[in-house]
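# Fold and geometry: a report
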Amino acid sequence: VYKIGGVGSVSTGRVETGVVKPGMLAHFAPVGITAEVQSVEMHHESLNEAGPGCNVGLNVKRVAAKDIRRGFVTSNADDNPASGVSSFEGQVIVMNHPGEIREGF
């Protein structure tokens, strides 16, 4: 997250799924802040839309840089926005581990 004079707060990161467009409402989890995306930029060029795999900067309106931090998840506020959970199940795949991994490790 950067605070850029004349621009405001800019949240940076990679789009994992879906698309991000200027004008959409972005929801920042886990803090629950919702703000309008003013512009989407990649390599100092404005984009009309950014999709999966794009490393972008989002200029967000009325959000202080101190309110959002590294690790927060940004999602579309109008389409089932991300939220915190008390637990989850995951699958871990370990490749090329030099030692031995056993049950209980």
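Each remark here, short or long, concerns the structure printed above.
Residues numbered from 1 in each chain as written. Predicted model: local features only at pLDDT ≥ 70, side-chain atom pairs only at ≥ 80, totals over all residues. Heavy atoms only, no water.

## So, the overall build of the protein chain
Helices and strands together make up the secondary structure of the protein chain, namely zero helices and seven strands. For the protein chain, the succession of helices and strands along the chain, N to C, is β-β-β-β-β-β-β. Seen through its C-alpha atoms, the protein chain measures out along the principal axes to roughly 55 × 30 × 25 Å. In the protein chain, which comprises 105 residues, the share counted as buried stands at 25%. (Helix = DSSP H or I, 4+ residues; strand = E, 2+ residues; numbered from the N terminus. Buried < 20%, exposed > 50% of the residue type's maximum accessible area, 1.4 Å probe, protein only.)

## Examining the nonpolar core
Across soluble globular proteins, you tend to see nonpolar side chains buried next to one another. If you look at the biggest cluster of nonpolar residues, it comprises 16 residues, and the most contacted ones within it are Val-20, Val-37, Val-40, Ala-50, Val-56, Leu-58 and Val-60. Listed by contribution, the elements that provide at least two residues to this core are β3 (25-29), β4 (33-42) and β6 (55-60). With sequence-adjacent residues up to four places away left out, Val-40 is seen in contact with Val-20, Lys-21, Pro-22, Glu-45, Ser-46, Leu-47, Ala-50, Val-56, Gly-57 and Leu-58. (Core = buried A, V, L, I, M, F, W, Y, C linked by side-chain atoms within 4.5 Å. Contact = heavy atoms within 4.5 Å.)

## Examining a nonpolar patch on the surface
Together, Tyr-2, Ile-4 and Val-7 make up a nonpolar patch on the protein surface, roughly 280 Å² of accessible area in all. With respect to the helices and strands, Val-7 occurs in the loop between β1 (2-4) and β2 (8-14). (Patch = residues over 30% accessible without salt bridge, like charges linked within 9 Å, V, L, I, M, F, W, Y side chains within 5 Å. Areas by Shrake-Rupley, 256 points an atom, 1.4 Å probe, with all protein chains shown as cover. Salt bridge = Lys/Arg side-chain N within 4 Å of Asp/Glu carboxyl O.)

## Considerations on the pattern of salt bridges
Here the structure, examined in full by the defined rule, presents three salt bridges. Among the salt bridges present, the one from Glu-49 reaches Lys-21, with a minimum N-O distance of 3.5 Å. Here Lys-21 lies in the loop between β2 and β3 and Glu-49 lies in the loop between β5 (45-47) and β6, a separation of 28 residues in the sequence. Judged by its relative accessible area of 42%, Glu-49 falls in the partly exposed class.

## Regarding the pairing of β4
Two strands pair when backbone bridges link them, and β3 and β4 are joined in this way by four bridges, in the antiparallel orientation. Note on β4: the bridge partner recorded for His-27 is Thr-34. The loop that links β3 with its antiparallel partner β4 comprises three residues; one of these, Gly-32, has a positive phi angle of about 80°. In this sheet, β6 lies alongside β4 in antiparallel orientation, the contact comprising four bridges. Across the sheet, residue Glu-41 finds its bridge partner in β6, namely Gly-57. Turn length for the β4-β5 hairpin, with the two strands adjacent in sequence and antiparallel, is two residues, and the turn residue His-43 shows positive phi of about 55°. (Pairing = 2+ DSSP bridges.)

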